[in-house]
Amino acid sequence: MDVDELSVLFPDRDVAVRDPDGGAEVSLNVREFRFREGLEATALARPLIAALAALVPERGDGASAQGEGPDALEIESVLATHAALWLELTARACGRDAGWLARLGDADGRALSEAMWAANGGFFLRRVVARVASRARGRGVSPSLSPACSTPSSAPATGAAISTSASA
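Throughout, a residue's number is its position along its own chain's written sequence, starting from 1. With pLDDT at 70 or above as the cut-off, local features in this predicted model cover only qualifying residues; side-chain atom pairs require 80 or more to be listed or tallied, and sums for whole chains, interfaces and linings still use all residues. Each side-chain value is worked out from all heavy atoms of the structure, with water and hydrogens disregarded.

Trainee: Can you lay out the pairing of strand 1 (residues 13-18) for me, pointing to particular residues and giving the numbers?
Mentor: As judged from the six bridges shared by strand 1 and strand 2 (residues 25-30), these two strands associate in the antiparallel manner. Bridge pairing links Val-15 to Leu-28 in strand 2. Strands pair, by our definition, only if DSSP identifies at least two bridges between them. Only DSSP runs of H or I with at least four residues qualify as helices, and only runs of E with at least two residues qualify as strands; both kinds are numbered from the N terminus onward. Taking the residues that link successive antiparallel strands as the turn, the strand 1-strand 2 hairpin has six residues, and the phi of Gly-23 there is positive, at about 85°.

Trainee: Break down the packing of aromatic side chains for me, citing the residues and quoting the values.
Mentor: Two aromatic rings, drawn from Phe, Tyr or Trp (for Trp, its six-membered ring), form a pair once their centres lie within 6.5 Å of each other, and the interplanar angle then sorts them: stacked below 30 degrees, edge-to-face above 60, tilted otherwise. Taken as a whole and assessed by the stated rule, the structure comprises five aromatic pairs. Between Phe-33 and Phe-123, the aromatic rings sit 5.0 Å apart at their centres with planes inclined by 70°, giving edge-to-face as the arrangement. Here the residue Phe-33 occupies a position in the loop between strand 2 and helix 2 (35-44), and Phe-123 occupies one in helix 7 (residues 106-138), the gap between them amounting to 90 residues. There is no split in this pair, since Phe-33 and Phe-123 are both buried. Each residue gets one of three labels from its accessible area relative to the maximum for its type: buried under 20%, exposed over 50%, partly exposed in between, using a 1.4 Å probe on protein chains only.

Trainee: Describe in detail the environment of Ala-93, supporting the description with residues and values.
Mentor: The residue Ala-93 is located in helix 5 (residues 83-94) in this model. When its relative accessible area of 0% is taken as the criterion, Ala-93 is described as buried. Considering only alpha carbons, one finds Ala-93 and Asp-12, 81 residues apart in sequence, at a separation of 9.2 Å. Only heavy atoms enter the contact rule, under which two residues are in contact if any of them lie within 4.5 Å. Apart from the residues lying within four places of it in its own chain, the contact partners of Ala-93 are Asn-29, Val-30, Arg-31, Phe-33, Met-116 and Asn-120.

Trainee: I'd like a rundown of the confidence of the model for the chain, residues and numbers included.
Mentor: Each residue gets a pLDDT score, which is the predictor's confidence in that residue and runs from 0 to 100. In this model, the chain carries an average pLDDT of 82, and 71% of its residues clear a pLDDT of 70 or more. With pLDDT under 50 throughout, residues 143-168 is counted as low confidence; its partners more than four residues away or in other chains account for 16 contacts.

Trainee: Requested: an account of the environment of Val-30, with residues and values cited.
Mentor: Considering the arrangement of structural elements, one finds Val-30 in strand 2. Each C-alpha atom of the pair Val-30 and Leu-112 lies 8.1 Å from the other, and the pair is 82 residues apart in sequence. Once residues within four sequence positions are removed from consideration, Val-30 is found in contact with Asp-12, Arg-13, Val-15, Ala-93, Cys-94, Leu-112, Ala-115, Met-116, Ala-119 and Asn-120.

Trainee: Break down the environment of Ile-75 for me, citing the residues and quoting the values.
Mentor: Considering the arrangement of structural elements, one finds Ile-75 in helix 4 (residues 72-81). As a C-alpha pair, Ile-75 and Ala-51 span 24 residues in sequence and 9.1 Å in three-dimensional space. In this structure, Ile-75 is in contact with Leu-52, Leu-55 and Pro-70, ignoring residues within four places of it in sequence.

Trainee: Let's hear about helix 3 (residues 46-54): which residues, and what values?
Mentor: Within the span of helix 3, buried status applies to Leu-48, Ile-49, Ala-51, Leu-52 and Ala-53. Where helix 3 is buried, its residues meet helix 4, helix 5 and helix 7.

Trainee: Give me the pattern of salt bridges: which residues, what numbers.
Mentor: One speaks of a salt bridge when a side-chain nitrogen belonging to Lys or Arg is within 4 Å of a carboxyl oxygen belonging to Asp or Glu. Scanning the model with the defined rule gives eight salt bridges in all. Among the salt bridges present, the one from Asp-21 reaches Arg-103, with a minimum N-O distance of 2.9 Å. Separated by 82 residues along the polypeptide, Asp-21 in the loop between strand 1 and strand 2 and Arg-103 in the loop between helix 6 (98-102) and helix 7 bring together distant segments of the chain. Classification of Asp-21 by relative accessible area gives exposed; the value is 54%. Arg-92 serves as the salt-bridge partner of Glu-40, at 3.7 Å between the closest nitrogen and oxygen. In this pair, Glu-40 is assigned in helix 2 and Arg-92 in helix 5, connecting sequence segments 52 residues apart. Classification of Arg-92 as partly exposed rests on a relative accessible area of 33%. Through salt bridges with shared partners, a single ionic network connects Arg-36, Glu-40, Glu-88 and Arg-92.

Shown next as structure tokens:
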């Protein structure tokens, strides 16, 4: 496996920052949200997800434009607008207090934010895509984007009856 494949399987990121209170180097592990954390983060992140989805342009027919999307400065602007929320979500991902994170130097804060996006970008993108698709459906248009996961289809019929118990 190459590095890119490993980062998909293990998206947690380590990042070194300077303690804003003492100046010592501190290593933080930014974790991908686990299932329960993701449920809680989804409820908390609704305004941020809505703002990110609003950056996705639409075609004239109401469907999302493929191949177009926000640039890094637009995303950074949304994160800045929702700074307290981004800090709270980042704090949950790395197990630190949001107030401590807020006092980090600019370079350390940016490095931490990049690690947060690397570890949890998929979490946000799945929800943004779902919101954009919902927006397109609300306009009566078949969305050109689909959620990253869907309900799997049932297994193909084999023609043989399968018994699961002696009484079946």
